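Structural features, examined
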Amino acid sequence: MNITKENFRKAFLIFCWGLYDLANQFFALNIVSLYFVRWITIEKATPEIFYGIAFGISTFFIAISGPVLGAISDTLNRRRPFLIYLTLLSVIFTIILGASDNIFVALLFFIVANFGCQTATVFYNALMVNIAPKDKIGLVSGIGKMLSYSGAILALYFIKPVVLKSGYRATFLPTGILFLIFSLPCLIFIKDQGEKRQINLISFLKKDKIREIFTGLKASIFGPHTIPGLSNFLKASLFGFCVVNTVILFMSIYATKAFKLNEIQITNLIAFSTFFAMVGSFISGYISDRLGSKATLIATFILWIISLSLGAIVKNANLFWLVGSLVGLSLGATWVVTRALVMQLVPAEKTGEVFGLFNFVGYISSIIGSLFWGLILLFFAPLGETGYRLALLSLNLFLAIGLIFVLRLPKANNQVS
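These numbers were taken from a predicted model, which means no experiment stands behind them.

As a further point, take the environment of S252. By secondary structure assignment, the location of S252 is in helix α9 (residues 230-259). Through-space distance from the C-alpha of S252 to that of Y35 is 9.3 Å; in sequence the pair is 217 residues apart. S252 has contacts with S33, L34, V37, R38 and I266, leaving out every residue within four places of it along the chain.

Dropping the structure here:
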């Protein structure tokens, strides 16, 4: 009976933890990928490069603060307070996102909201060590992402009536509220483990301490006692996430420009892709635990190359559903396998620090990817639809380079095999 209760408790905590993945999809999809970007670029006729710059600025601050806050959380042995405060920051600024007609004020609010949402994932990911059995890391990561993409489907269909009735701007308030509601189980029930350590925060944040943090991170990657495989893993992630984040940011715009899909078709396409992302999340987590994370990540990169190539070549809108399914599988697998790799490579006492570094790499890739996309489109603007297709095809360059670093990952101790 005690075993049954303990198993139920563990399953309940995994579900509560995974619900946060579901919750932040309301922001990631409705704000970052869909309605805010469409409000700015289509309804307000703002060039995509401005959205790319705003996203890049937000990402820069996320990238810089992630390792520092992660190191502080490791020193304190506490991640939950950071998760709570950053989530609330994102929720508040999401709710007031459309409060001003001034595009630059809206972009400023977006920068803050995105900072809160994305930086919170450092501590959400680090909390996985408290709930995931060591031999089920891939599966637990997959469950989280499966719930994440369930959240994307909910976000699409909860908000769809709002956008059809009242427009893009009306979606920001309910998105913030739903983000908060679905994040509450994680914020309430997932606790930090171990004794809380005390630090003098003012002393900790002095310039020499900040330098010491980044020096330590550099030593972890490149030093004589570096974590095996970490350097190549981060390089592979940098190039891979250039593609992932660019697709997330501009997928709906691409569907409109290259395939002339209307609002309802785009909503249905994203829901369709998201279903396959759920499938990819669960299957890739299972395969990663059985066949090894390295092999699974190689297959994921190859699937991305196939997906982007088809998306750039096919012109029949019906075939774009095939592309959407492949992109969904690729998205789901990417997040699951990379997160599992971090957990497998890194000692538990360094998870906050390295997830901060992992986010740093991911968000630097966001800056590179979004600016690359914007610049390519500026260059190919005279080509119209063909320019968009060439921009999508050009993303394969990042994948080819990233695949080289994936192949260099070691095969040892069943960690990154």
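Taken as a whole and assessed by the stated rule, the structure comprises 0 disulfides. Summary of cysteine pairing: C16 is not part of a disulfide, and the nearest cysteine sulfur, belonging to C186, is at 7.8 Å.

Looking at the element boundaries, A340 is found in helix α12 (residues 320-345). Through-space distance from the C-alpha of A340 to that of K136 is 9.4 Å; in sequence the pair is 204 residues apart.

A cluster of nonpolar side chains, namely I53, I57, F60, F61, I64, L371, L375 and L378, defines an oily patch on the protein surface of about 710 Å² accessible area. At the level of secondary structure, the elements contributing two or more residues to the nonpolar patch comprise α2 (48-76) and α13 (351-380). Per-element accounting of the nonpolar patch gives the leading share, 5 residues, to α2. With respect to the secondary-structure elements, I64 resides in helix α2. Classification of I64 by relative accessible area gives partly exposed; the value is 36%.

Once that is clear, we can look at the pattern of salt bridges. Taken as a whole and assessed by the stated rule, the structure comprises 2 salt bridges. In this structure, the salt-bridge partner of R169 is D101, at a minimum N-O distance of 2.5 Å. Of this pair, R169 sits in the loop between α5 (137-166) and α6 (172-189) while D101 sits in the loop between α3 (80-95) and α4 (103-126), placing them 68 residues apart in sequence. For R389, the salt bridge identified is with E385, shortest N-O distance 3.0 Å. Placement of both R389 and E385 in helix α14 (residues 385-394) is noted, with a separation of 4 residues, approximately one turn of the helix. You can call E385 partly exposed: its relative accessible area is 28%.

Calculation criteria
- Residues numbered from 1 in each chain as written.
- Predicted model: local features only at pLDDT ≥ 70, side-chain atom pairs only at ≥ 80, totals over all residues.
- Heavy atoms only, no water.
- Helix = DSSP H or I, 4+ residues; strand = E, 2+ residues; numbered from the N terminus.
- Contact = heavy atoms within 4.5 Å.
- Disulfide = S-S within 2.5 Å.
- Patch = residues over 30% accessible without salt bridge, like charges linked within 9 Å, V, L, I, M, F, W, Y side chains within 5 Å.
- Areas by Shrake-Rupley, 256 points an atom, 1.4 Å probe, with all protein chains shown as cover.
- Salt bridge = Lys/Arg side-chain N within 4 Å of Asp/Glu carboxyl O.
- Buried < 20%, exposed > 50% of the residue type's maximum accessible area, 1.4 Å probe, protein only.

In short, the description is geometric, and any link to function would need to be established separately.
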